[in-house]
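# Results of the structural survey
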Amino acid sequence: MPTWKRWGNDDIPEVLRALGSARPAPQPGSAEPVEAARPVDSSVVERAVYLDGHRVDRPETIGEVRDCLSLHETEASSAPMAWIGVHGASEDQIHELAATFNLHPLAVEDAILAHQRPKIERYGDTLFVVLRAATYEDRTETVAFGEIHVFLGPDFVITVRHSPDPSLKPVRDRLEANPELLALGPEAVLYAVADYVVDGYGPVVAGLENDIDEIEAQVFESDPTVSRRIYELSQEVLGFQRAVRPLLDVLHHIEDGFAKYGTKEELQNNFRDVADHATIVAERVSGFRESLANILTLNATMVAQTQNEEMRRLTEAGMAQNDEVKKISAWAAILFAPSLISGIYGMNFAKMPELSWAEGYPFSLALMVLVCGTLFVVFKRKKWL
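Residues numbered from 1 in each chain as written. Predicted model: local features only at pLDDT ≥ 70, side-chain atom pairs only at ≥ 80, totals over all residues. Heavy atoms only, no water.

As a reminder, the rule being used: UniProt positions are given in the numbering used here, feature names are shortened, and annotations may be inferred rather than shown by experiment.
Where an unreviewed UniProt entry is consulted, the chain appears under the name Magnesium transporter, with the organism given as Branchiibius hedensis. According to UniProt, the comment filed for the chain under the heading Sequence similarities (unreviewed entry) is "Belongs to the CorA metal ion transporter (MIT) (TC 1.A.35) family." Per its UniProt entry, the chain bears the Subcellular location (unreviewed entry) comment "Cell membrane".

This is the structure in structure tokens:
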């Protein structure tokens, strides 16, 4: 049975030399074969190890992150920190992260399923935070929501995004440009992410406020499509409120743990600032809901008023039409009476007493006038004429 040798990291150069020597030389006129590129995990946006706020290494794979941390921990007096950014990771990749950094199964399950409300949970020395980002789409005048999961350990941060927007690259760039803040550790990354999410609420608030102003104008213009837009905007405001209000509880929970977990004073002030901004946004969103409720009531009142006016106009038109029908009916009855009398005397019977009567013609005329006059008086008293 052949014996296989287990190669270590120190043997890699030797292996590469052996592979190079074993490769056949290219024939004259033939192209040099190109080595296959190493597969790259496209879901991992960034892998970096930081020491004193500066990037010192970029591991090629998730499995190498721990080795880099151990290496730099022995070389420096301060503790290094790894930050892994993931977007659209598969279930297997999330499990690989969990095995590498000893993440709790319940937090891993939430990260896989997604669609979580903003919350904060602690599992031993690992903190799991869910944030809901929001962006305003000017083209469609709608609010798009994203979801960010953050795992914080003593020496690592894992950010898992379940939507393309918002990208966390501006957060990483901001922290790398401020090494003093990044040197404060994983909590500094959590602060920067939370601050970035809350700052992103500003354009959403401005966009919703502009939409509400437009809806108010539509209501007073009696736009028939405004009711649907009020409903759709109410749903967007409700979804925005579900993203903001639980975030206040998350930030307050972080504040409650300042003393227990020894949070640096600078980070304490930063987290309080984020909580203040989030509180302002939450109050504005509550005001939006009240405004939309008032607008909906006003629109219902104006629609009812418009309908009443239409009914009144229809009723008036119906009454006028009835008056015309009465007049036509009255004149038709008046004109029908002479026709009836003349029709009787126009029958071709051989024996009719009145045909030989000398006063028959004046009598028929007088009878016609009497009947027509009687009908005219009756219809006049009934206000048909």
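Text resumes after the structure shown.
### So, the overall build of the chain
To keep things clear, this is the line we draw: Secondary structure elements are taken from DSSP: a helix is a run of H or I of four residues or more, a strand is a run of E of two residues or more, and numbering for both begins at the N terminus. The contact criterion used is simple: two residues touch if any of their non-hydrogen atoms lie within 4.5 Å. Only the protein chains shown count as cover for residues, with accessible areas throughout obtained via the Shrake-Rupley method and a probe of 1.4 Å.
Helix and strand counts for the chain come out as 11 helices and 7 strands. Counting only contacts in the chain whose residues sit at least 6 apart along the sequence, the fraction spanning at least 24 positions is 62%. Of the roughly 23400 Å² of accessible surface on the chain, 56% is carried by carbon and sulfur atoms.

### Considerations on the sheet that holds strand E1 (residues 44–51)
The line we're drawing: Here the rule is simple: two strands pair whenever DSSP picks up at least two bridges between them. Throughout, an axis means a line fitted to C-alpha atoms (over the contacting stretch in the case of helices), and angles, computed between N-to-C directions, take values from 0 to 180 degrees.
Here 7 strands make up an open sheet; going across it, the order is E2-E1-E3-E7-E6-E5-E4 and the pairing mixed. One side of each edge strand has no neighbouring strand; the edge strands of this open sheet are strand E2 (54–57) and strand E4 (119–123). Between one strand and the next, the sheet's axes are offset by a mean angle of 25°, whatever the strand orientation. The strands that helix H5 (residues 169–176) touches are E1, E2 and strand E3 (81–87); relative to E3, the one it contacts most, it runs at about 160°.

### Comments concerning the UniProt feature "transmembrane region" (unreviewed entry) in the chain
Within the UniProt annotation, "transmembrane region" (unreviewed entry) is assigned to residues 328–348 and 360–379. Helix and strand shares over residues 360–379 are 100% and 0% respectively, and the end C-alpha atoms of the span are 28 Å apart.

### Thoughts on the side chain of Gln116
We apply this condition: Polar contact is the term for a pair of N or O atoms within 3.5 Å; when the atoms are in protein, one must be able to donate a hydrogen and the other to accept it, and sequence-neighboring residues count only if both atoms are side-chain atoms.
In this structure, Gln116 sits in the loop between helix H4 (105–113) and E4. A polar atom in the side chain of Gln116 sits 3.4 Å from the side chain of Lys119. What Gln116 contacts, discounting residues up to four positions off in sequence, is Asp110, Val130, Arg132, Glu147 and His149.

### As for helix H7 (residues 186–220)
Side chains three or four residues apart in an α-helix point the same way, a direct result of the helix having 3.6 residues per turn. To keep things clear, this is the line we draw: Given a helix with a known number of residues, its expected span is that number minus one, times 1.5 Å.
End to end, H7 covers 52 Å across 35 residues, agreeing with the expected 51 Å (1.5 Å per residue, within 8%). Downstream of H7 by a residue or two, Ser222 has a phi angle that is positive, lying close to 55°.

### Thoughts on unusual backbone geometry
Heads up, the condition is: Think of it in three bands: with a 1.4 Å probe and only protein chains considered, a residue is buried below 20% of the maximum accessible area for its type, exposed above 50%, and partly exposed in between.
Note that the residue after Asp165, namely Pro166, is joined by a cis bond; omega there is 0°. With respect to the helices, strands and loops of the structure, Pro166 is situated in the loop between strand E7 (156–161) and H5. The phi torsion at Ala114 lies on the positive side, around 60°, for a residue other than glycine. For Ala114, a relative accessible area of 10% translates into the label buried. A positive phi angle, near 55°, is found at Glu141, a position not held by glycine. Mapping Glu141 onto the fold places it in the loop between strand E5 (126–137) and strand E6 (142–152). Since its relative accessible area comes to 32%, Glu141 is described here as partly exposed.

### Considering the confidence of the model for the chain
The predicted structure's coordinates, where accompanied by low pLDDT, should not be read in detail. Formally: Note on scores: pLDDT gives the predictor's confidence for each residue, bounded by 0 and 100.
For the chain, the mean per-residue pLDDT works out to 81, and 85% of the residues sit at or above 70. Low pLDDT, under 50, characterises residues 1–40; the stretch is placed with 9 contacts to residues that sit more than four places away or in other chains.

### Things to note about the layout of surface pockets
Counted only if it meets this: The way it works is a 1 Å grid over only the protein atoms, where trapped points that fit a 1.4 Å probe form a cavity and open points with protein on both sides within 12 Å along at least five of seven lines form a pocket, and then any residue with an atom within 4 Å of a point lines it. Grid points are joined across faces, edges and corners, and a volume is the space filled by probe spheres set on the points. Each residue gets one of three labels, nonpolar for Ala, Val, Leu, Ile, Met, Phe, Trp, Tyr, Cys and Pro, charged for Asp, Glu, Lys and Arg, and polar for the others, Gly among them.
Estimated volume of the largest pocket: approximately 470 Å³. In terms of lining, the largest pocket is formed by 20 residues, of which the most central are Arg122, Leu152, Glu187, Tyr261 and Thr263. Put simply, the parts of the chain that give the lining of the largest pocket at least two residues each are E4, H7 and helix H8 (226–256). Per element, the largest residue contribution to the lining of the largest pocket is 3 residues, and it comes from H7. Of the residues assigned to the lining of the largest pocket, the class counts are 10 nonpolar, 6 polar and 4 charged. Around the second largest pocket sit 14 residues that line it, and Val45, Glu46, Leu168, Lys169 and Arg172 are the ones nearest its centre.

### Some details on the packing of aromatic side chains
Remark: the centre distance and the inter-plane angle together describe each pair of aromatic rings, the angle taken between the planes. Note the following rule: Each Phe, Tyr or Trp ring (for Trp, its six-membered ring) is paired with any other whose centre lies within 6.5 Å, and the angle between the two planes then decides the class: stacked below 30 degrees, edge-to-face above 60, tilted in between.
Inspection of the entire model under this criterion finds 6 aromatic pairs. For the pair Tyr191 and Phe271, a centre-to-centre distance of 6.0 Å together with 75° between the ring planes defines the contact as edge-to-face. A residue pair is termed long-range when its members are at least 10 positions apart, and Tyr191 in helix H7 and Phe271 in helix H10 (residues 265–345) qualify at 80 residues. For Tyr191, a relative accessible area of 6% gives the class buried. Here Trp331 and Phe376 contribute two aromatic rings whose centre-to-centre distance is 6.1 Å and whose plane-to-plane angle is 50°, an arrangement assigned as tilted. Taken together, the residues span a long stretch of sequence, with Trp331 in helix H10 and Phe376 in helix H11 (residues 360–381) at a distance of 45 residues.

### So, the environment of Leu51
Position of Leu51 relative to the elements: it lies in strand E1. On the basis of relative accessible area, Leu51 is assigned to the buried category, the value being 15%. Measuring from C-alpha to C-alpha, the distance between Leu51 and Pro80 comes to 4.6 Å, with 29 residues separating the pair along the chain.

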